[in-house]
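Understanding the architecture of this molecule
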Amino acid sequence: MKFKYQRIPVASNNAFPNRKSIIKPLIPIRLRYQKNFVDIYALIDSGADDCLFNAEIGAKLGIDITSGEENSYRGITGQSTIAYFHKIEIEVGGWKHPCYAGFCYDTPLSALGQDGFFNLFKIQFNYSKSEIEIKNK
Amino acid sequence: MAQRLKLEKTYRDNLGKWVAVDSKQTKVMGVGKTLEEASQKAARKGEKHPIFLQVPSSLESIVL
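Everything in this summary refers to the structure shown in the same document. (Residues numbered from 1 in each chain as written. Chains lettered and ligands numbered in written order. Predicted model: local features only at pLDDT ≥ 70, side-chain atom pairs only at ≥ 80, totals over all residues. Heavy atoms only, no water.)

1. So, the overall build of chain B
For chain B, the helix and strand inventory stands at two helices and three strands. In chain B, the succession of α and β elements from N to C terminus is α-β-β-α-β. Rg of the C-alpha trace for chain B: 12 Å, near the compact-globule value of 11 Å for 64 residues, within the 12% margin. Dimensions of chain B, computed from the C-alpha atoms along their principal axes, are close to 35 × 30 × 20 Å. (Helix = DSSP H or I, 4+ residues; strand = E, 2+ residues; numbered from the N terminus. Rg over C-alpha atoms; globule rule 2.2 N^0.38 Å.)

In structure tokens:
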């Protein structure tokens, strides 16, 4: 299934005085937990170890967030956060897979990382066409 | 066929908020400070299963 990159605004600054926006691989996905599901836009992030979602998404799914196992993360800027992991199901393009995903209270976006996304799907980026093609593995 | 919603404007208009987009991705159905608030507003407009977009609080560049 093919998805289009999404054009997202960014603030201009001295380093990039003429840049007003950037395209990002932000795609619609479905998360399921028991009988509940939530559809969200999530960023495909090949640099992320795992799939991380905001805790509000987990709460909407009916998950008791802090009952999950903890894992701490550190971004390349050094900021750290804690995620609580739960077994959910991820659905992309109609393909469903079990996914062990983390839920954070302070993440500003949802990230699809190596474990729980890249290991389940074949992802082909075509930046010049502004397209992402995702297939089931 | 309705045109796909452009998230660029949606971002600019809703920094720091949750946005509920209709399932066909053509329009904003609800905005709130929380996902639940956006969900309830969308539900009142008849969209029970929107796609939720979490918009960061600023347009600063993001590196994860």
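2. Concerning the nonpolar core
Counting 40 residues, the largest nonpolar core has A:Ile27, A:Ile29, A:Phe53, A:Ile90, A:Leu112, A:Phe117 and A:Ile134 as the members making the most contacts within it. Among residues more than four places away in sequence, those in contact with A:Ile27 are A:Phe3, A:Ile40, A:Tyr41, A:Ala42, A:Ile44, A:Val92, A:Leu112, A:Phe117, A:Ile132 and A:Ile134. In terms of nonpolar packing, the next biggest core, distinct from the first, is built from 15 residues, A:Leu26, B:Tyr11, B:Val31 and B:Leu53 among them. (Core = buried A, V, L, I, M, F, W, Y, C linked by side-chain atoms within 4.5 Å. Buried < 20%, exposed > 50% of the residue type's maximum accessible area, 1.4 Å probe, protein only. Contact = heavy atoms within 4.5 Å.)

3. Notes on empty space enclosed by the protein
Residue and element names in this part refer to chain A. For the coordinates displayed, the defined rule picks out two cavities of 30 Å³ or more. Approximately 70 Å³ is the volume found for the largest cavity. The dominant element in the lining of the largest cavity, judged by the number of residues it contributes, is strand 5 (residues 36–44), at four residues. When its residues are assigned to classes, the lining of the largest cavity shows eleven nonpolar, two polar and no charged. By volume, the second largest cavity amounts to about 40 Å³. Every residue along the wall of the second largest cavity is listed here: Lys122, Gln124, Glu133, Ile134 and Lys135. At the level of elements, strand 11 (121–126) and strand 12 (131–136) are the ones that each hand at least two residues to the lining of the second largest cavity. Take the lining of the second largest cavity: its biggest share by element is three residues, from strand 12. For the lining of the second largest cavity, the residue count by class is one nonpolar, one polar and three charged. (1 Å grid on protein atoms, 1.4 Å probe; cavity = no way out; pocket = protein on both sides within 12 Å on 5 of 7 lines; lining within 4 Å. Points joined across faces, edges and corners; volume = space filled by probe spheres on them. Nonpolar A, V, L, I, M, F, W, Y, C, P; charged D, E, K, R; others polar.)

4. Side note on helix 2 (residues 35–44) of chain B
Taken residue by residue, helix 2 of chain B has B:Leu35, B:Ala38, B:Ser39 and B:Ala42 as its buried positions. Considered in projection along helix 2 of chain B, the buried side chains sweep an arc of 100° and stay on one side of the axis. Buried residues along helix 2 of chain B sit against helix 1 (55–61) of chain A together with strand 1 (18–21), strand 2 (28–32) and strand 3 (51–54) of chain B. Trailing helix 2 of chain B by a residue or two, B:Gly46 shows a phi angle of about 95°, which is positive. (Arc of directions from axis to C-beta.)

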